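Now for the letters of each chain:
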Amino acid sequence: MRKQIVAGNWKMNCTIEEGQKLTSEVVQLVQDEVQNEAEVIFVPPFIHLISLNERLPFKDQVLIGAQNCHQNESGAFTGEISASMIKSCGGSHVIIGHSERREYFGESDALLAEKVNTVLKNELTPIFCCGERLESREINTQEAVVGEQVRNALFHLTPEEISKVVIAYEPVWAIGTGKTASAEQAQEMHAFIRQAIAEKYSTDVADSISILYGGSVKPENAKEIFSKPDVDGGLIGGASLKSRDFVDIVKAFD
Ligand code: PGA
C-alpha cells in the first residue's frame, strides 16, 4: 500500500504568530474530524520548524517538512540551510525542485539531483517536484518535459533510494492560478511517471512510490483528483494557509 499524503506548502507566508495559530487550528481539526490515515505534512518557511515541532502532538500522522535545502552538508554558504539542520528541528521531509525554485532561483536538474542525494543521505524524504509549463502543454510535449526532469534528477538513484522519494507532479500553469489540471490529466501524467519508473527500475519500485498532485487543489476538487488510481495525495499551496480548507482537503481521503 502506498502512503497517502497531503502536504501544505506555506511558501513565503506567515509570521510566527500566524503560523502558530494556523498550526494549532489544523492540528485540532485533524484530531476532531479526520477519519483516514493520510500523512499530513506542514511545510512552512524554515523559521517555523522548531515552534511547529513543539506543537505537534501526534507525530506519526502529522509531520514537518522544509521547502528547500542546500546541496552541501555545511560550510560557508551565507543564507542557506542544510538538511541536517532541518532534521535537527524535527523535519522529516524536504521539497526539492519546486517550480518556483527552478524559475526564480535558477535551480537546474543537475543541482536538484545533488540536493536529492543530500536529503536522502540525511535520512530525510525528498518531495521531488516536476511539471511542465503552459507552452509545453499547448504543444503536447508535457510527457517529454516531465520525463526528462524525473530522469535527470532521480534516475541515478538505486532502487532502494528512489523508493524513499515522494514525487509531486505540479503543472506550472496550474500553480496559484486557480486553474487545476483535470483529474484525468493528473492521472495520465502520474501513470506516465510511474511507468517510466517501472521501466527503469521495476513495477514493485514504481508501485511503492507516492505521487502527489499539486496546482490549485481545493476542497471542491480534491476528492475527484485523489480518487484517481495513481494519485496518492496533494501538495497544497494557497489552500494550506486556511485551516478549514486544508483539513477539508485531507478529509477528501475519508
Ligand atoms: P497552489 O500551489 O495550491 O497555490 O496552486 C501549489 C504548489 O505550488 O505547491
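Remember, predicted model here, so these are calculated numbers, not experimental data.

Taken together, 13 residues are adjacent to the ligand, and Lys11, His98, Glu170, Gly176 and Ser216 come closest. Here an oxygen atom of the ligand and a side-chain polar atom of His98 are 2.7 Å apart. Contact with the protein chains removes 95% of the 290 Å² of surface that the ligand exposes when unbound. With respect to the pocket detection grid, the ligand is positioned in the second largest pocket. Here the shell around the ligand is composed, by residue class, of four nonpolar, seven polar and two charged.

Pairing is possible between side chains that carry opposite charge, provided their charged atoms lie close to one another. Per the stated rule, a full pass over the model turns up 18 salt bridges. Across the salt bridge formed by Glu100 and Lys11, the nearest N and O atoms sit 2.8 Å from each other. Here Glu100 is found in helix α4 (residues 99-104), whereas its partner Lys11 is found in the loop between β1 (5-9) and α1 (16-33), with 89 residues between them in sequence. As a salt-bridge pair, Glu107 and Arg101 come within 3.0 Å of each other at their nearest N and O atoms.

For the α-helix, the turn length of 3.6 residues means that residues three or four positions removed from each other point alike. Its 13 residues place the ends of helix α5 (residues 109-121) 18 Å apart at the C-alpha level, agreeing with the 18 Å of an ideal helix rising 1.5 Å per residue. Looking only at α5, the buried set comprises Asp109, Leu111, Leu112, Ala113, Lys115, Val116, Thr118, Val119 and Leu120. In the core, the buried residues of α5 are packed alongside α3 (83-88), β4 (93-96), α4, β5 (125-130), α7 (142-154) and α8 (159-162). Following α5 by one or two positions, Glu123 adopts a phi angle in the positive range, close to 55°.

Now for the nonpolar core. In terms of nonpolar packing, the biggest core is built from 68 residues, with Phe128, Leu154, Ile167, Ile193, Ile197, Tyr213 and Phe226 touching the most fellow members. For this core, the element with the highest residue contribution is helix α9 (residues 183-200), accounting for six residues. With residues near it in sequence (within four places) discarded, Phe226 still touches Val6, Val217, Val231, Gly233, Gly234, Ile249, Ala252 and Phe253. Ala7, Ile41, Leu63 and Leu235 belong to the second largest nonpolar core, which has twelve residues in total.

Parameters and conventions
- Residue positions are counted from 1 within each chain, in the order its sequence is given.
- Side-chain atom pairs in this predicted model are given and counted only at pLDDT of 80 or more, local residue features only at pLDDT of at least 70, and totals for whole chains, interfaces and linings cover all residues.
- With hydrogens and water excluded, all non-hydrogen atoms of the structure serve as input to the side-chain values.
- We call a residue near a molecule or strand when any one of its heavy atoms sits within 4 Å of it.
- By the criterion applied in these results, polar contacts are pairs of N or O atoms within 3.5 Å in which, for protein atoms, one can donate a hydrogen and the other can accept it, and in which residues neighboring in sequence qualify only through two side-chain atoms.
- Accessible surface area values rest on a Shrake-Rupley calculation with a 1.4 Å probe, where residue burial reflects the displayed protein chains alone.
- Space inside and on the surface of the protein is sampled on a 1 Å grid over the protein atoms alone, with a cavity defined as a set of points where a 1.4 Å probe fits but cannot get out and a pocket as an open set with protein on both sides within 12 Å along at least 5 of 7 lines; lining residues have an atom within 4 Å of a point.
- Pocket or cavity membership: a molecule qualifies when more than half of its atoms sit within 2 Å of the grid points of that site.
- In the scheme used here, Gly and all other residues not listed as nonpolar or charged are polar, with Ala, Val, Leu, Ile, Met, Phe, Trp, Tyr, Cys and Pro taken as nonpolar and Asp, Glu, Lys and Arg as charged.
- In the sections that follow, a salt bridge refers to a side-chain nitrogen of Lys or Arg positioned within 4 Å of a carboxyl oxygen of Asp or Glu.
- Helical segments are the DSSP runs of H or I of at least four residues, strand segments are the runs of E of at least two, and each set is numbered from the N terminus.
- By definition here, a helix of n residues has an expected span of 1.5 Å times n minus one.
- Using a 1.4 Å probe on the protein chains alone, a residue whose accessible area is under 20% of its type maximum counts as buried, one over 50% counts as exposed, and one in between counts as partly exposed.
- Throughout, a residue-residue contact means that at least one pair of heavy atoms, one from each residue, lies within 4.5 Å.
- Note on terminology: a nonpolar core comprises buried Ala, Val, Leu, Ile, Met, Phe, Trp, Tyr and Cys residues joined through side-chain atoms within 4.5 Å.

These figures capture arrangement, not role.
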